[in-house]
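Here's the letter readout for the chains.
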Amino acid sequence: TECMQELMEQVQIEYLPAEANDNGQSFQPGFQHFALLYIKYLQIYKKLEDCHNQIVHPQKRRDIWRVLRSTIYRILELKQELITFNPRTNSRFIALDEVLTDLKLNPETVEWAVPRYFLDDQEAREEIAEKDSKLDHWLGVFNMPAEPHALLDPKDPFEVGLTVDQAVAIIQKNERGRMGINRADMVCTWRKDSVRKEERQRRQAEKGGDGQDDFQESQVLAATRIAAHWKRKVDRRRFLRMREEEFEFLGMAPLRHDPKAQIIEDMKKHRERRKKMQEDADEVYQKALKEQLEWLQKKKGADIKADLLEERRQWILDCYQRYDKQLKFPAEFDEFYKQFDPDEEEPAADPKGKGKDAKGKDDKAKKGKGGKKDADEEGEPHDAGPRAVVQQFVEHINQYTEKWENRDESNNFDQRHDIELARKNVYPIVETELRQLVDDQMREELANLKLLFDQSKKGKQPKPKKAKASKPKAPKKWCSAVGTITNKADCVPDLIDQGVLKKVKPVHLQDFAGEYHYLGAMLRSHHKFWGEYHFPPPSAQMIRSLLVEHCILPLAQTDIRQKAPENLTARSLLLYGPKGTGKSMLARAIATECGASFFDLSPSVIEGKSTQGGAKGADLLVFKTLTCAQDLAPSVIYIDQVEQVYQAVKKG
């Protein structure tokens, strides 16, 4: 309920620019306006995602899921607006540190959390399990290791290219040096002991004492040595403890006595238990939907069908009597649904309508005379209004409020479904099925009525000549290997055998450690310090946000990819940087968060394997990979050291 109230507040804020323009006030939204909306929607999104993940009630989870999905759409639209109004023109790296400082919020506020339902839904889990079982089967057939691949370079970084003779010579040289050092150390120790013994004997000869004094002195010497060794050991323990405490304070080592460790383990157990409860509740709900569907078809199906038939027959009779009293039937039955469509042409009752048309003509005239700026200014207020997603918020919130605000759930401890709501959800399905049957029946009746009562056709009309159908042109091949694959089922084992399709070690995006850029806005506004075309590098938080918004969300869900702004759905991604900065780790994180198949087309993997098939070997390998990636979607195609594949060619 709290999230719904906050969403309604955001909807009201979204309508402010349109209301200001209607009242004749100037309100031009800019970077600050969209940044505030972006941050607030992210906060609401995290709350909704937690609610969807923790709630057990199956019907509430579905209603929350609809709102959550619309929230994701709106966040992506706002990100596109932020890119447009970014102080650094058309840059995808958005610095929100100044906005967060004004709102007194932590940097974690703008940190994305990947929706957990991407991997927790039943369909997603079954699909991922099927992919893994197929991959494990073929790995066992080819006697290949089943351990996940970490995409690390198997070559030893300390390995140096040496011959056997050179390696033996280096070992002999080091061994001789070690033996000489040990021998010198031994001689030095022997000399020190002999000098100490002579000094002790000299002192005893000077004192003229007996052996008892010598024994007492040796005891004192032994006690001194023991105390020195013990003190050194205690100091070493103390410094080791201080170092561990400092590492724990800096976050470089796990806590030895972490009170949160047990809490985290308990949370994992509760999460598994809650997930099992959600699965059981969904299973019971699906069975209830099937039962209600059968009940409606059996009890209410005849009445619904009779009402639909009566409505359509009455429409045919009205049309028959309405056509200028010529007693004609409608040409097609599909005209029945046109009466429910809104009229496209509205009456010009508003006197401002003519002024708008005239204004549009004036704008066209100005555009030819260099009036582009005025045209752009006239188009801005149109973009200031709320989008279609914002209007969906109102519908979803009203539906949720109507269903659950006044419903008493105090006795529903097990969070089971509501039968009345389940019946309402199933009713449109039954009505749609019966509508299709009734429409087919009415088309036949309308055709029979036309044959019986059509008096205008007295004779046979000549049959129209059939036009010769032109053969469609074959589509242009985008790859020379198109059409060479006869059986797609053989592509998967071939790619597994070649090491292209592999199982990678799972890693999450949160494991890519890095801090927030606290001075990002200031550094980017004073970019002259870095040079005319040089800007400070993005922070790890910016990289994580870009990967979620451009890659993970569109790749994991088809509806997000279709409704998100086109500029935010990345089809390819280039990660560049020195070795060891986490580029391969981010590729694995994208595949893990989406549950995607992983294809490796790195030069080290495909070296010598693209020669199979003659001149088309390389094209055939790429075509097989793209075909399997489409069948096993979502998929990630990874190319390490891509500069070796796409080498620059000097012109001339």
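Here, the structure is the one placed above.
**Student:** How should I be thinking about the overall build of the chain in this particular structure?
**Tutor:** Secondary structure summary: the chain contains 22 helices and 3 strands in total. Residue burial in the chain is summarised as follows: out of 652 residues, 31% are buried. Once local pairs closer than 6 in sequence are excluded, the contacts in the chain between residues at least 24 apart make up 80%. Summed over its atoms, the accessible surface of the chain is roughly 46,100 Å², and 53% of this surface lies on carbon and sulfur atoms.

**Student:** Can you help me understand the packing of aromatic side chains in this one?
**Tutor:** Remark: the centre distance and the inter-plane angle together describe each pair of aromatic rings, the angle taken between the planes. The full count for this structure, using the stated rule, is 6 aromatic pairs. Judged by centre distance (5.5 Å) and plane angle (35°), the ring pair of F598 and Y638 falls under tilted. Of this pair, F598 sits in strand β2 (residues 597-600) while Y638 sits in strand β3 (residues 635-638), and the two are 40 residues apart along the sequence. Grouping residues by exposure puts F598 and Y638 together as buried. Here the aromatic residues W65, Y117 and F118 are joined through ring pairs into a cluster of three or more. The ring of F239 carries R238 above its face, with NZ or CZ at 4.8 Å from the centroid.

**Student:** What is the right way to read the sheet that holds β3 from this model?
**Tutor:** Paired through their backbone hydrogen bonds, the strands of a sheet run either parallel or antiparallel. Read across the open sheet, the 3 strands follow the order β1-β2-β3; overall the sheet is mixed. Two strands bound the open sheet, and with one partner strand each, they are β1 (501-502) and β3. Sheet contacts for helix α20 (residues 583-594): β2 and β3; angle to β3, the most-contacted strand, approximately 165°.

**Student:** Where do I start with the pattern of salt bridges in this structure?
**Tutor:** Here the idea is simple: oppositely charged side chains can pair when their charged atoms come close. Tallied over the full model, the rule gives 23 salt bridges. One salt bridge in this structure joins D50 and R116, with 2.7 Å as the shortest N-O distance. Of the two residues, D50 sits in helix α3 (residues 31-54) while R116 sits in the loop between α5 (97-103) and α6 (117-120), which places them 66 residues apart along the sequence. The class for R116 is partly exposed, based on a relative accessible area of 29%. One network of salt bridges, in which partners are shared, links E49, D50 and R116.

**Student:** Help me out: how do you make sense of the packing of helix α1 (residues 2-14) against α3 in this one?
**Tutor:** Think of two packed helices as two axes; the pair is described by the angle between the axes and how far apart they sit. Direction vectors running N to C along α1 and α3 enclose 160°, while the axes themselves pass 10 Å from each other. Between α1 and α3, the angle is such that the two are roughly antiparallel. In the packing of α1 onto α3, the handedness of the crossing is left-handed. Residue-level inspection shows E2, C3, E6, L7, Q10, V11, I13 and E14 of α1 in contact with α3, the latter providing H33, L37, K40, Y41, I44, K47 and L48.

**Student:** What should I look at first to understand the nonpolar core in this one?
**Tutor:** A general feature of soluble globular proteins is that nonpolar side chains tend to end up buried together. Grouped together as the largest cluster of nonpolar side chains are 68 residues, with contacts concentrated most on L7, Y38, L48, L96, W112, L553 and F598. Residue contributions to this core peak at 11 residues, all from α3. Each residue touching Y38, except ones within four places of it in the same chain, is listed here: I75, L78, K79, L82, L96, W112 and E549. Counting 16 residues, the second-largest nonpolar core is a separate cluster that includes L308, L434, V438 and M442.

**Student:** Whenever I open this one, the environment of A589 confuses me. Can you help?
**Tutor:** Take A589: it is sitting in helix α20. Judged by its relative accessible area of 1%, A589 falls in the buried class. With residues up to four places along the chain from it excluded, the contact list for A589 reads V507, H508 and L509.

**Student:** Can you help me understand a nonpolar patch on the surface in this one?
**Tutor:** A contiguous nonpolar surface patch, about 490 Å² in accessible area, is contributed by F247, F249, L250 and M252. Residue M252 is classed as exposed on the basis of its relative accessible area of 60%.

**Student:** So what exactly am I meant to see when it comes to the packing of helix α16 (residues 491-498) against helix α22 (residues 617-631) here?
**Tutor:** Between α16 and α22, the least distance of the axes is 10 Å, while the angle of their chain directions is 115°. In terms of crossing hand, the pair formed by α16 and α22 is left-handed. Side by side, α16 and α22 meet where C491, V492, D494, L495 and Q498 of the first sit next to L621, K624, T625 and C628 of the second. Partitioning the contact of α16 with α22 into residue classes produces 5 nonpolar, 2 polar and 2 charged.

**Student:** Explanation requested: helix α18 (residues 540-556) in the structure shown.
**Tutor:** Note on helix geometry: an α-helix contains 3.6 residues per turn, so any two residues three or four positions apart are oriented the same way. Bending of α18 peaks at approximately 40° at the position of V548. Counting buried positions along α18 yields 15 of 17 residues, so the element is predominantly enclosed.

**Student:** It is not clear to me how unusual backbone geometry should be interpreted in this structure. Could you clarify?
**Tutor:** Peptide bonds are trans in most cases, and residues, glycine excluded, mostly fall at negative phi. The omega angle of the peptide bond from A633 to P634 is 0°, so this bond is cis rather than trans. Mapping P634 onto the fold places it in the loop between α22 and β3. Its identity is not glycine, yet K104 carries a phi of approximately 60°, on the positive side. For K104, a relative accessible area of 77% gives the class exposed.

**Student:** Quick question: what am I supposed to make of the pairing of β2 here?
**Tutor:** A regular strand carries its side chains on alternate faces of the sheet. Because side chains alternate across β2, one face comprises the buried residues S597 and F599, and the other comprises F598 and D600, equally buried. In the sheet, β1 pairs with β2 via 2 bridges, with the strands oriented antiparallel. Directly across from L501, in β2, lies its bridge partner F599. Of the pairings in the sheet, the one linking β2 to β3 comprises 4 bridges and is parallel in character. Looking at the pairing, S597 lines up with S635 of β3.

Procedures and definitions
- Residues numbered from 1 in each chain as written.
- Predicted model: local features only at pLDDT ≥ 70, side-chain atom pairs only at ≥ 80, totals over all residues.
- Heavy atoms only, no water.
- Helix = DSSP H or I, 4+ residues; strand = E, 2+ residues; numbered from the N terminus.
- Buried < 20%, exposed > 50% of the residue type's maximum accessible area, 1.4 Å probe, protein only.
- Contact = heavy atoms within 4.5 Å.
- Areas by Shrake-Rupley, 256 points an atom, 1.4 Å probe, with all protein chains shown as cover.
- Phe/Tyr/Trp six-rings, centres within 6.5 Å; stacked < 30°, edge-to-face > 60°.
- Lys NZ or Arg CZ within 6 Å of the ring centre and 35° of its normal.
- Pairing = 2+ DSSP bridges.
- Axes fitted to C-alpha atoms, helices over the stretch in contact; angles between N-to-C directions.
- Salt bridge = Lys/Arg side-chain N within 4 Å of Asp/Glu carboxyl O.
- Parallel < 35°, antiparallel > 145°, perpendicular 65-115°, else oblique.
- Left-handed = near helix turned anticlockwise from the far one by under 90°.
- Core = buried A, V, L, I, M, F, W, Y, C linked by side-chain atoms within 4.5 Å.
- Patch = residues over 30% accessible without salt bridge, like charges linked within 9 Å, V, L, I, M, F, W, Y side chains within 5 Å.
- Nonpolar A, V, L, I, M, F, W, Y, C, P; charged D, E, K, R; others polar.
- Bend = angle between axes of the 7 residues up to and from the residue.

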